[in-house]
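# What the coordinates show
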Amino acid sequence: MLAALLITFASHAQSNFSSKLIGLGVVVSDLDRSLDFYMNGIGMVKVYDFKINEDFSRRSGLSNGVPATVTVLKLENSPEANEWKLVNFGKKETHPTQNFIQDNTGVQYITINVKALKPVIERLKERNVKFLGSTPTPLNQKSHFVLVQDPDGTFIELIGPME
């Protein structure tokens, strides 16, 4: 009886969502620098952007009336791909860059699975992105792990075969 109740509750809870995707917003201090990192370094694609004006920003509770620019990136331009939203309020960062994931709370990292790490590593090296730890680190016979940080300190895990 309890198992049936739990299954009913779990299926009911999941049915409340109109999409299976999650969009995640990350505040960036320098939009151009972040776009270069994510598009030309990581390989994401820009799908659209929009502005948030002072009035909506205040009424919605997003800020105290500070306007923002939001640029939406995806791993591929597909309706099935999650959105990575770069949000810029026109000001520089206000917190120190973390050295490790445990240095702060909240969203600290994302994981991106790639078909081949080598071209991503080459693009990131061209942009003088620092590789953390002893990466690439082998995970198994096929996959390796690479850890970097975006220009504002968000950790990016890249996982996949070298070639």
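Above: the structure in question.
Here's what I pulled together on the structure shown here.

Calculation rules
Residues numbered from 1 in each chain as written. Predicted model: local features only at pLDDT ≥ 70, side-chain atom pairs only at ≥ 80, totals over all residues. Heavy atoms only, no water. Pairing = 2+ DSSP bridges. Helix = DSSP H or I, 4+ residues; strand = E, 2+ residues; numbered from the N terminus. Axes fitted to C-alpha atoms, helices over the stretch in contact; angles between N-to-C directions. Contact = heavy atoms within 4.5 Å. Parallel < 35°, antiparallel > 145°, perpendicular 65-115°, else oblique. Buried < 20%, exposed > 50% of the residue type's maximum accessible area, 1.4 Å probe, protein only. Polar contact = N/O pair within 3.5 Å; in protein donor to acceptor, adjacent residues only side chain to side chain. Arc of directions from axis to C-beta.

Moving on to the sheet that holds strand 4 (residues 84–88). Spatially, the four strands line up as an open sheet ordered 1-4-3-2, and their pairing is mixed. Taken across any chain shown, the strands that pair with only one partner, and hence form the sheet edges, are strand 1 (24–27) and strand 2 (45–52). The mean angle between the axes of side-by-side strands here comes to 25°, regardless of whether they run parallel or antiparallel. Bridge count between strand 1 and strand 4: four bridges; the pairing is parallel. Bridging across to strand 4, Leu-24 finds its partner in Trp-84.

Looking now at the sheet that holds strand 5 (residues 109–113). An order of 5-8-7-6 is seen for the four strands of this open sheet, with the pairing classed as mixed. Edge strands, defined here as strands with exactly one partner in the open sheet, are strand 5 and strand 6 (137–138). Most of the contacts of helix 2 (residues 31–42) go to strand 8 (residues 155–160), to which it runs at about 5°, and overall it touches strand 5, strand 7 (144–149) and strand 8.

The next point concerns the packing of helix 2 against helix 4 (residues 117–126). Contact pair helix 2 / helix 4: the axes reach a minimum separation of 8 Å and the direction vectors enclose 140°. Overall, the two elements helix 2 and helix 4 adopt an arrangement that is oblique. Residue-level inspection shows Phe-37, Asn-40, Gly-41 and Ile-42 of helix 2 in contact with helix 4, the latter providing Val-120, Arg-123 and Leu-124.

Okay, the environment of Thr-97 next. Counting through the fold element by element, Thr-97 comes out in the loop between strand 4 and strand 5. Distance from Thr-97 to Pro-151, taken between C-alpha atoms, is 9.2 Å for residues 54 residues apart in sequence. Dropping the residues within four chain positions of it, Thr-97 is found in contact with Gln-149 and Gly-153.

Here we come to helix 2. Among the residues of helix 2, those classed as buried are Leu-31, Ser-34, Leu-35, Phe-37, Tyr-38, Gly-41 and Ile-42. Packing partners of the buried residues in helix 2 comprise strand 3 (68–74), strand 4, strand 5, helix 4, strand 7 and strand 8. The N-cap of helix 2, judged by a side-chain oxygen 3.2 Å from the amide nitrogen of Asp-32 a few residues on, is Asp-30. Downstream of helix 2 by one or two residues, Gly-43 has phi in the positive range, about 110°.

Moving on, we get to helix 4. Leu-117, Val-120, Ile-121 and Leu-124 are the residues of helix 4 that are buried. One face of helix 4 carries all of its buried residues, which in axial projection span an arc of 100°.

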